[in-house]
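Observations on the three-dimensional arrangement
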Amino acid sequence: MARIFISGSSAGLGLMAGQLLAEQGHKVVLHARNEARAADARRELPAAEAVITGDLETIAGARAVAGQVNALGPFDAVIHNAAVGYREDKHLTADGLPHVFAINTLAAYILTALIGLPKRLVYLSSGMHHHARAHLDDILWERRPWVGSTAYAESKLHDVLLAFAVARLRPEVHSNALEPGWVPTKMGGPGAPDDLDQAHRTQAWLAAGEDPAADVTASYFYHLKPRQPNPQARDTAVQDRLLAICAEVSGVKLA
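Residues numbered from 1 in each chain as written. Predicted model: local features only at pLDDT ≥ 70, side-chain atom pairs only at ≥ 80, totals over all residues. Heavy atoms only, no water.

**A word on the packing of aromatic side chains**
Selection criterion: Paired rings are identified among Phe, Tyr and Trp, the last through its six-membered ring, by centres lying within 6.5 Å, and are further divided according to the angle between planes into stacked (under 30 degrees), edge-to-face (over 60) and tilted (the rest). When the NZ atom of lysine or the CZ atom of arginine is within 6 Å of a ring's centre and also within 35 degrees of its normal, the charge is said to sit over that ring.
One pass over the structure, following the stated rule, counts four aromatic pairs. The ring of Phe75 carries Arg3 above its face, with NZ or CZ at 4.4 Å from the centroid. Here Arg144 stacks its cationic end above the ring of Trp141, 3.6 Å away from the centre of that ring.

**Things to note about unusual backbone geometry**
Note on backbone geometry: most residues besides glycine have negative phi, and most peptide bonds are trans. Test applied: By the criteria applied, helices consist of DSSP H or I runs no shorter than four residues and strands consist of E runs no shorter than two, each listed in order from the N terminus. We call a residue buried when its accessible area falls under 20% of the maximum for its residue type, exposed when it is over 50%, and partly exposed in between, using a 1.4 Å probe and counting protein chains only.
Cis rather than trans, the peptide bond between Gly73 and Pro74 has omega equal to 5°. With respect to the helices and strands, Pro74 occurs in the loop between α3 (59–72) and β4 (77–80). A positive phi angle is found at Trp141, which is not glycine, with a value near 55°. Its place among the elements puts Trp141 in the loop between β5 (120–124) and α5 (148–169). Residue class for Trp141 comes out buried when judged on its relative accessible area of 5%. At Ala218, a position not held by glycine, the phi torsion is positive, near 55°.

**Let's talk about the nonpolar core**
Worth spelling out the cut-off: Definition of nonpolar core: a set of buried residues of the types Ala, Val, Leu, Ile, Met, Phe, Trp, Tyr and Cys, connected through side-chain atoms within 4.5 Å. A contact between two residues is defined here by any heavy atoms of the two lying within 4.5 Å.
By size, the foremost hydrophobic cluster in this structure holds 50 residues, and its most contacted members are Phe5, Leu106 and Tyr109. With sequence-adjacent residues up to four places away left out, Leu106 is seen in contact with Ile59, Leu97, Phe101, Cys246, Val249 and Ser250. Ile4, Leu15, Val28 and Ala214 belong to the second largest nonpolar core, which has 27 residues in total.

**Digging into the sheet that holds strand β8 (residues 225–226)**
Just so we agree on the cut-off: Think of it this way: DSSP has to see at least two bridges between two strands before they count as a pair. Note on geometry: axes are C-alpha line fits, over the in-contact stretch for helices, and angles between N-to-C directions span 0 to 180 degrees.
A sheet is described by the order of its strands in space; here eight strands give the open sequence β3-β2-β1-β4-β5-β6-β7-β8, paired in mixed fashion. At either end of the open sheet lies a strand with only one pairing partner, and these are β3 (50–53) and β8. Examined bridge by bridge, strand β6 (residues 174–179) and strand β7 (residues 220–222) share three bridges and lie parallel to one another. Paired with Ala177 across the two strands is Tyr220, which belongs to β7. Against the sheet, α5 touches β5, β6 and β7, its axis set at about 165° to β5.

**Remarks on the packing of α5 against helix α8 (residues 236–250)**
Rule in force here: Any angle that is under 35 degrees is reported as roughly parallel, and any over 145 degrees as roughly antiparallel; angles of 65 to 115 degrees are reported as roughly perpendicular and all others as oblique. Throughout this entry, Asp, Glu, Lys and Arg are counted as charged residues, while Ala, Val, Leu, Ile, Met, Phe, Trp, Tyr, Cys and Pro are counted as nonpolar. The remaining residues, Gly among them, count as polar.
Between α5 and α8, whose axes approach to 9 Å, the crossing angle comes to 100°. Classified by the angle between their axes, α5 and α8 sit roughly perpendicular to one another. Here His158, Leu161, Leu162, Phe164, Ala165, Arg168 and Leu169 of α5 come into contact with α8, specifically with Thr236, Val238, Gln239, Asp240, Leu242 and Leu243. A per-class count over the contact of α5 with α8 returns eight nonpolar, three polar and two charged.

**Looking at the environment of Leu178**
Structurally, the position occupied by Leu178 is in strand β6. Given a relative accessible area of 0%, Leu178 falls into the buried group. For the pair Leu178 and Asp235, spaced 57 residues apart in sequence, the C-alpha to C-alpha distance is 18 Å. The contacts of Leu178, once residues within four sequence positions are left out, are Val122, Tyr123, Leu124, Ser125, Ser126, Thr202, Gln203, Leu206, Tyr220 and Phe221.

**Focus: the pairing of β6**
Two faces, one strand: in a regular strand the side chains alternate between the faces of the sheet. Keep this limit in mind: Here, the term right-handed applies to a crossover whose path from the first strand over the helix to the second runs clockwise when the strands point away from the viewer.
Burial within β6 is extensive, with five of its six residues counted as buried. Read as a crossover between parallel neighbours, the route from β5 over α5 to β6 is right-handed.

**Structural notes on the pattern of salt bridges**
Note the following rule: One side-chain nitrogen of Lys or Arg within 4 Å of one carboxyl oxygen of Asp or Glu is enough to make a salt bridge.
Within the structure shown, the criterion is met by eight salt bridges. A salt bridge links Glu49 to Arg3; the shortest N-O distance between them is 2.6 Å. Residue Glu49 is located in the loop between α2 (35–44) and β3, and its partner Arg3 is located in strand β1 (residues 3–6); the two are separated by 46 residues in the primary sequence. For Glu49, a relative accessible area of 39% translates into the label partly exposed. Arg3 gets classed as buried once you look at its relative accessible area, which sits at 14%. For Arg144, the salt bridge identified is with Asp138, shortest N-O distance 3.1 Å. Asp138 shares its class with Arg144; the two are buried.

Here it is in structure tokens:
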């Protein structure tokens with residue numbers, strides 16, 4: 001059985017993946033932004049080994065979450081699930097960063113860099129990433145008028161770039177990404193058309209690592225099946241530039 005940490009798992013797909021993994025006999029550590037959400041998570045999944053609390057919107061908060069994970073470690077797998085959605089207005093964090101970038105891109109990078117390397121890394125992307133460009137020349141939206149859906153789509157492409165960069169730089173780790181579908185969660189909205197029952201299964205399957213078909217790296221999935229990602233995600237120069245930007249902004253280097 002595996003020991004798995006899931007970021008952003010007090011509700012939604014992160015919690016659903018945790019519940020499924022716990023039902024399968026795995027040890028699960030959840031994450032919530034604050035104590036109120038942590039209490040909700042404990043109530044929804046009493047079998048969770050622990051619930052880590054910390055706000056991933058700030059660099060200091062992401063560092064603190066990584067420290068808490070390491071204090072409980074080691075882990076067999078980490079699911080990078082935490083994100084805000086595509087309908088967000090622009091606001092800057094305490095670090096002066098657009099919060100969509102800070103949570104969806106930079107926090108995933110910081111947690112990847114600072115948490116002790118597990119056997120498996122799983123990054124949640126979105127079908128919206130297929131039509132995005134990384135826009136690393138204006139990743140902080142300093143020159144463009146804000147479009148929430150575009151900022152979200154770009155951040156989800158960044159997550160695939162990060163997954164594939166780690167797969168390339170750390171060949172001993174199975175690092176993959178997936179899209180759960182547009183499903184009727186709080187983030188997706190009530191009118192989302194995809195199957196909610198399928199949305200959490202791929203990340204749990206990749207994290208558990210019990211099926212030989214999941215014993216892969218630098219792959220992209222949708223509902224347990226391989227799918228081609230945005231071609232830019234395979235561009236190693238773009239991967240390296242994203243890592244360099246995240247390292248510069250956060251002060252955290254991916255060793």
